[in-house]
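A look at the structure
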Amino acid sequence: MIYLDHNATTPLAPAVIAAMLPVMSGVWANTSSQHGPGQEAKRRLAGARATVARLLGCKPAEVIFTSGATEANHLAVRGLLAGAPANRQRVLFGSVEHAGHLRLARALAAAGVQVDYLPVHPDGTLDLAAAQALIGPDVALVSLMAANNETGVLMPVADVAAWAHAAGAVMHVDATQFIGKQVFDFATCGADAVSLSAHKFQGPKGIGALLLRQGVPLLPQTLGSQERGRRGGTENLPGIVGLAAALEALGDITAQAKRIAALRDRLERGLQAALPDTHVWCQGAARLPGTSCLRFGQLSQEVVLQRLDRLQVAASSGAACSSGGSAPSHVLTAMGVSADEALATVRFSLGAGTTVEDVNYLLRELPPLLAPLLCEDLLSAP
Ligand code: PMP
């Protein structure tokens, strides 16, 4: 099988498994226990926290381990909003945030919070002028993703953070798709809070973190003594050790990004040459290196994914969390794309395991399967 769905999740790196196994079998005591095994677990937790802090450019005390990015996003938005002054209760969300995060936005709005959305241009990039105009003195918090999971488009989080700070608001960034694929440094990124998830960069599922700048007020959403009182619950030590190991195993991110971007470009150009009806969304925008969001004429995503399945290629109709439904992607819809074109869109996401042979295989096998369908499609068009 050729796996081209790395934005949904990634396989565990061998170094991650090697780091986690001895912890699962031998370091199972509670980190809060006073006895020797508990103290050993506590030492391992501190070691993993120090590694994560070193590799992400923050202080160990700025790392709050969570069950993943969804929880980190919720903790950030609900916690920062609760910590904001009473005269600042408006929240701005990116309009193309992850589906789970937009559910939170709608839940807040239903509960009476004033929520507004930062629009995007037709090419998927953030509308900077609109964002600047929306950030006013009543805004408590701006929550914007660093990179979109469907199109790969990078968002100007440093600019938006500067405007948020100038207006007295705090800035949360969902960097779930960014961290591991692009060089990241919390100290200089401009954000006050940053969410991440290990399973997007060859770490385990069910573990992530919220990085929270020291001194920024946040009301915990799960009460307990762990994580300095900011997130209660016995820590997932194997997961945390796995997260740290996955960051360590990333190696030279710049070199890897260059390699993957070259493969992605080869794939897109090859498909466009073989099937001129291929349209790549956001091709001219700054994007994540491995993400390709495209449509073949008006061929429905079901038909394309079925052909890919026949070729033993795993791709996706968009975000894993919203695929399976028949609604057009909210990301493409926010860009002004029609429902028909959105429902014809598929996503390839390349990653560490992707090879030039994988891309060549797809370029050899897919066009002959789709070309006759595209002809039929053209003939049946009104
Ligand atoms: N935000 C973004 C941008 C994502 O792509 C995802 C995962 N699809 C999440 C949040 C949720 O992450 P997790 O699975 O760790 O809850």
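Up top is the structure these notes are about.
Predicted model, so just to flag it, every value in this text is computed and none were measured.

Considering the pairing of strand S3 (residues 90-94)
- When you tally the buried positions in S3, you get 5 out of 5 residues, the bulk of the element.
- Of the two faces of S3, both are covered, the one formed by Arg 90, Leu 92 and Gly 94 as well as the one formed by Val 91 and Phe 93.
- Relative to strand S4 (residues 114-118), S3 runs parallel, the two sharing 5 bridges. Bridging across to S4, Leu 92 finds its partner in Asp 116.
- Between the parallel pair S3 and S4, the chain is carried across by helix H4 (residues 99-110), and the sense of this crossover is right-handed.
- Sheet analysis places S3 next to strand S5 (residues 139-145), joined by 4 bridges and oriented parallel. Its bridge partner being in S5, Arg 90 is matched across the sheet by Val 139.

Details of the pattern of salt bridges
- This structure, assessed with the given rule, holds 12 salt bridges.
- Notably, a salt bridge pairs Arg 347 with Asp 5, separated by 3.1 Å at the nearest N-O pair. Pair noted here: Arg 347 is in strand S12 (residues 345-349) and Asp 5 is in the loop between strand S1 (2-3) and helix H1 (14-26), with a separation of 342 residues, a long-range link.
- The class of Asp 5 is buried, set by a relative accessible area of 11%.
- With a shortest N-O distance of 3.4 Å, Glu 365 and Arg 364 are connected by a salt bridge.
- Residue classification places Glu 365 among the partly exposed positions, given a relative accessible area of 28%.
- Put simply, Glu 40, Arg 43 and Arg 44 are held in one network by salt bridges that share partners.

What to know about the nonpolar core
- Counting 69 residues, the largest nonpolar core has Met 171 and Val 194 as its most contacted members.
- Ranked by residues supplied to this core, first place goes to helix H8 (residues 237-249) with 8 residues.
- For Val 194, the residues in contact, after removing those within four places along its chain, are His 172, Val 173, Ala 175, Ile 179, Phe 184, Phe 186, Cys 189, Ala 209, Leu 210 and Leu 211.
- If you look at the next biggest cluster of nonpolar residues, it comprises 25 residues, including Leu 4, Leu 299, Leu 311 and Leu 370.

Remarks on the site of the ligand
- Around the ligand sit 14 residues, and of these Thr 70, Asp 174, Gln 177, Ser 197 and Lys 200 come closest.
- Interatomic distance of 3.5 Å between a side-chain N/O atom of Thr 176 and a nitrogen atom of the ligand.
- Lys 200 is positioned with one of its side-chain polar atoms (N or O) 2.8 Å from a nitrogen atom of the ligand.
- The protein chains hide 88% of the 400 Å² of surface that the ligand would expose on its own.
- It is helix H3 (residues 69-83) that contributes the most residues to the shell around the ligand, 3 residues altogether.
- In terms of residue class, the shell around the ligand is built from 3 nonpolar, 9 polar and 2 charged.

What counts and how
- By convention here, each chain's residues receive numbers from 1 onward along its written sequence.
- Per-residue local features are limited, in this predicted model, to residues with pLDDT of at least 70; the limit for side-chain atom pairs, both in listing and counting, is 80 or more; totals at the level of whole chains, interfaces and linings are taken over all residues.
- Each side-chain value is worked out from all heavy atoms of the structure, with water and hydrogens disregarded.
- Buried, partly exposed and exposed residues are distinguished by accessible area as a fraction of the type maximum, computed with a 1.4 Å probe on protein chains only: under 20%, between the cut-offs, and over 50%, respectively.
- Comment: elements are numbered from the N terminus, with helices defined as DSSP H or I runs of at least four residues and strands as E runs of at least two.
- In this scheme, strands are said to pair when DSSP sees at least two bridges between them.
- With strands facing away from the observer, any crossover in which the path from the first strand over the helix to the second runs clockwise is taken as right-handed.
- Any carboxyl oxygen of Asp or Glu that lies within 4 Å of a side-chain nitrogen of Lys or Arg is treated as forming a salt bridge with it.
- Residues grouped as a nonpolar core are buried Ala, Val, Leu, Ile, Met, Phe, Trp, Tyr and Cys residues, joined through side-chain atoms within 4.5 Å.
- Contacts are assigned to residue pairs that have any heavy atoms within 4.5 Å of one another.
- For each residue, the test is whether any non-hydrogen atom lies within 4 Å of the molecule or strand; if one does, the residue is near.
- In protein, a polar contact means a hydrogen-donor-capable atom and an acceptor-capable atom, both N or O and within 3.5 Å, with residues adjacent in sequence counting only if both atoms are side-chain atoms; elsewhere, any N or O pair within 3.5 Å suffices.
- Methods summary: accessible areas were calculated by the Shrake-Rupley approach with a probe of 1.4 Å, and residue burial reflects only the protein chains presented.
- Nonpolar residues are Ala, Val, Leu, Ile, Met, Phe, Trp, Tyr, Cys and Pro. Charged residues are Asp, Glu, Lys and Arg, and all others, Gly as well, are polar.

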